[in-house]
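Overview (structure and organization)
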Amino acid sequence: MNMTKLKINRLKIEINTDAGIFGAQHKFSKGLNIVRGDNTTGKSSLFQSIIYALGFEELLGGKFEKTLQSVLKDKVEYPRNEQYFNIIQSYIYLVIENQHGQIITIRRGVKTPNRKSQLVDVFFGDYITNLKDITDERQMWVHDKGGASDNDFGFHKFLCEFLEIDLPKVITYKGDYTQIYLQQLASSFIIEQKKGWSDYFITAPIYSIRDLNQRIVEYLLNLDVFENNEKREEINIRRNLLQTKWEKVFNEMDYLADRSSSELTGISSEPEIINDLNSIKLLYKKENSNIRIEEYLQELRDELVTFDNTINTVGQNSSKYEKELEEKQNLLNKIVVNYELLLPEITSEIEKLKQYQNQSKNISEDLRKNKGVQKLNKLGAEQDIKSIQNICPTCTQEVKDLLPSDINHTPMRLDDNIKYLESQMAMIEVYISGQKKLITDKRAKSELYQQASTKLRKEIRNLKTELVEDSRVPSVVEIEEKFSLNQRINFYSKTIEKFESLKNDLIPLIEEHIEIQSAVSKLPKLNLSEKDANKIIDLENNFVSYLQKFGYTSKSFNSIKISRDNYFPIVDELYSIKFDSSASDFIRSIWAFTISLMKTSVNYNGNHPQFLMFDEPKQQDASLESFKSFLKELSEFKEQQMIVFASFENSDETFNESTEKIEFSLNRINETLIKPIK
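Residues numbered from 1 in each chain as written. Predicted model: local features only at pLDDT ≥ 70, side-chain atom pairs only at ≥ 80, totals over all residues. Heavy atoms only, no water.

The helix and strand inventory of the protein stands at 13 helices and 21 strands. Taking all contacts inside the protein whose residues are at least 6 apart in sequence as the whole, residues at least 24 apart take part in 68%. (Helix = DSSP H or I, 4+ residues; strand = E, 2+ residues; numbered from the N terminus. Contact = heavy atoms within 4.5 Å.)

Have a look at this one:
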């Protein structure tokens, strides 16, 4: 059976003054409770005392005792306008009950010389009426680090557990996870007088939580989208972490490719499914073709085999080296010519890229202007577009028609012009991308020419030096060639070994990528599940129904919806209802939305505490008939608890008319709330 998770049983205010003990005590029941008192009798002090005892005083605009009326912390006035007594010490006691019938008493000091107002005493039982039955007591703190999270001493942590409120984790503006705070949730079911009637949940402290009000509604209605959004955020975190790990492996592979004069193929910088790791290759760049680095290593090893254990003398290699010298000189000349021919080509390609980029910039600017005019037209503006009037927008001279007079044509429409510019932009982007690749490839080729020419020049110098040496001495060139060959074999062997190790590092990353893709596929394609959609429809129907009962007239009821994006009331499927409602009608909409949230939560077994408390809800001259209807609808919730603080215009007649045939419990404040306790 649905029943209130939070029920207030009793409140006691105890104040020690220099003239004795003052205070007040009030009892509350299930269903509708009305706290009636004329203006300035102390209704606000009673309302604030309940909020303060629960640690919700941020709804009043601050923290600690500074948010409370002076009668609770400075001076007691009694009789009114006659005598003032200094307050020495003051406490608030609040007895609350959860849905299982368990009772605790919260005691919090307002003015306490030897303790701070952050300290909260919790007594297990009714401390006010059954002190002898108290089974245990604990001291905790509120509004300090750990107040919402410390399992032993955090008061709001304890209160959530006692009320069985499992607050969800949500995303902050920084992208971190944090928990919704109980005092933020309270803004949806406690509305105070000064600020609370200006907007929905307006008193909720934000604490850098992204879309806080939306998250509160999702939690109260227990929407699947809340869980799905949490899953999406978890997936995004996993995806970002995977991207970081993948990039690390990719960058290391790319570094190996750069060091080994190779090209990395078969893998991108983004995570992907790779079924065959052998498709990831390092291709060694040769002048006319690329070969796998493993094949190049084998070539080096085969070349080493041609060397025997003996080193030839200069004389034995002279004819061979003379021929090599001539071949290398010819090859060098060819490479130098190719390099010198390639440089102006690169310069030309860079200039062509700049032209494409300038075209892209100009098209982008034209597109921006055309879209600006399109937006103005949609908003109803009348644009004096000179080009359409056959006038140059730059020099304002008439534009001569360059087409033959016998050809009929009409200027391109604005929408068509935008589509044309967008297609031009897409084409230019393709050109730019291709041009950048062409430049990159030619620069890579020029680097190969430079490396080859540097190597050849060194080899030519060594051969020339060798040919003038004594013919009987060992060949230095042959020694260096063999040494260099061994070094390259060792380098490429280690490169291949490291590359294979990196490929193995990809295996768990690919598996993680597959798991993430699977998790994404299991999420609902639409923002709202079918069950969520039904809840929002129920919320919408309840809201519109209450508006009708409360006498709302600013907009037609057919135009009023609950937004599927943020779950708050809108009109004409676009604007917040606040901007299209009179002041009194917007008060009615707050009544309707606040009650509807609880009713839908009750209907679908949601997370609402099934407790509502309103301070002076009859705002902005809302009619007496509307107010009576508001009280009547609240009284229909027999298993929940509603508390309404109202002055009823300081009139018995207004009170009697407003509450006629309505079932409620009355708390009457006569003269003043705080009185001497005998």
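Okay, back to it.
With respect to the helices and strands, Asp258 occurs in helix α5 (residues 224-259). Residue Asp258 is classed as exposed on the basis of its relative accessible area, which comes to 61%. (Buried < 20%, exposed > 50% of the residue type's maximum accessible area, 1.4 Å probe, protein only.)

In this section: the sheet that holds strand β19 (residues 641-646). The sheet built from five strands is open, its strands ordered β11-β18-β19-β3-β20 with parallel pairing. Two strands bound the open sheet, and with one partner strand each, they are β11 (190-191) and β20 (665-669). As paired elements, strand β3 (residues 31-37) and β19 share six bridges and run parallel to each other. Across the sheet, Val35 pairs through a bridge with Phe645, a residue of β19. (Pairing = 2+ DSSP bridges.)

In terms of burial, helix α4 (residues 212-220) is largely enclosed, as eight of its nine residues are buried. Of the residues one or two after α4, Asn222 is the one with positive phi, at around 55 degrees.

Quick look at the packing of aromatic side chains now. Taken as a whole and judged by the stated rule, the model has 34 aromatic pairs. Ring geometry for Tyr93 against Tyr127: centres 5.5 Å apart, planes inclined by 10 degrees, an arrangement best described as stacked. Highlighted residues: Tyr93 in strand β5 (residues 84-97) and Tyr127 in the loop between β7 (119-123) and β8 (137-141), separated in sequence by 34 residues. A centroid spacing of 6.3 Å and a plane angle of 45 degrees characterise the contact between Tyr552 and Phe557, whose relative ring orientation is tilted. Judged by relative accessible area, which is 26%, Phe557 ranks as partly exposed. An aromatic cluster is defined as three or more aromatic residues linked by ring pairs; in this entry it consists of Trp197, Tyr546, Phe550, Trp591, Phe614, Phe627, Phe630, Phe648, Phe655 and Phe664. Above the face of the Tyr93 ring, Lys12 is positioned so that its terminal group lies 5.5 Å from the ring centre. Across the ring face of Tyr91, the terminal group of Arg107 is positioned such that the distance to the ring centre comes to 5.0 Å. (Phe/Tyr/Trp six-rings, centres within 6.5 Å; stacked < 30°, edge-to-face > 60°. Lys NZ or Arg CZ within 6 Å of the ring centre and 35° of its normal.)

Right, let's get into the pattern of salt bridges. Per the stated rule, a full pass over the model turns up 32 salt bridges. Close ionic contact of Arg36 with Asp652 constitutes a salt bridge, the shortest N to O distance being 2.5 Å. Placement of the pair is Arg36 in strand β3 and Asp652 in helix α13 (residues 652-659), with a sequence separation of 616 residues. With relative accessibility at 47%, the residue Asp652 sits in the partly exposed group. The partner of Lys503 in a salt bridge is Glu500, with the nearest N and O atoms 3.1 Å apart. With Lys503 and Glu500 both in helix α9 (residues 476-522) and three residues apart, this pair spans about one turn of that helix. Exposure remark for Lys503: the relative accessible area of 2% places this residue in the buried category. For Glu500, a relative accessible area of 31% gives the class partly exposed. The network of salt bridges with common partners includes Arg107, Arg115 and Asp121. (Salt bridge = Lys/Arg side-chain N within 4 Å of Asp/Glu carboxyl O.)

Over its 12 residues, helix α12 (residues 624-635) runs 16 Å from end to end, which matches the ideal 16 Å to within 8%, given 1.5 Å per residue. Listed as buried for α12 are Ser626, Phe627, Ser629, Phe630, Leu631, Glu633, Leu634 and Ser635. The inward-facing, buried residues of α12 contact β3, α10 (530-549), α11 (583-603), β18 (611-615), β19 and α13. (Expected span 1.5 Å × (residues − 1).)

Strand order in this open sheet of three strands is β12-β13-β14, and the pairing throughout is antiparallel. Strands at the two margins of the open sheet, each flanked by one partner only, are β12 (262-265) and β14 (290-292). On average, each strand axis in the sheet is tilted by 35 degrees relative to the strand beside it, whichever way the strands run. Pairing of strand β13 (residues 281-285) with β14 involves three bridges; the strand directions are antiparallel. The residue bridging Leu283 from the neighbouring strand is Arg292, located in β14. Of the strands in this sheet, β12, β13 and β14 touch helix α6 (residues 293-305), which is tilted by about 85 degrees from β14. (Axes fitted to C-alpha atoms, helices over the stretch in contact; angles between N-to-C directions.)

For the pair α11 and α12, the least separation of the axes is 11 Å and the interaxial angle reads 5 degrees. For the element pair α11 / α12, the angle class is roughly parallel. Residues Arg588, Trp591 and Ile595 of α11 form the contact with α12, whose participating residues are Ser626, Phe627, Phe630 and Leu634. Tallied by class, the residues present in the contact of α11 with α12 amount to five nonpolar, one polar and one charged. (Parallel < 35°, antiparallel > 145°, perpendicular 65-115°, else oblique. Nonpolar A, V, L, I, M, F, W, Y, C, P; charged D, E, K, R; others polar.)

Now for the pairing of strand β1 (residues 7-17). Counted residue by residue, β1 has nine buried out of 11 residues, so it is predominantly covered. Where β1 meets β5, 10 bridges bridge the pair, whose relative direction is antiparallel. Looking across to β5, one finds that Thr17 is bridged to Ile87. Of the pairings in the sheet, the one linking β1 to strand β2 (residues 20-27) comprises eight bridges and is antiparallel in character. Of the residues in β2, the one forming a bridge with Ile13 is Ala24. Linkage of β1 to β2, two consecutive antiparallel strands, is achieved through a turn of two residues.

None of this, on its own, says anything about what the molecule does.
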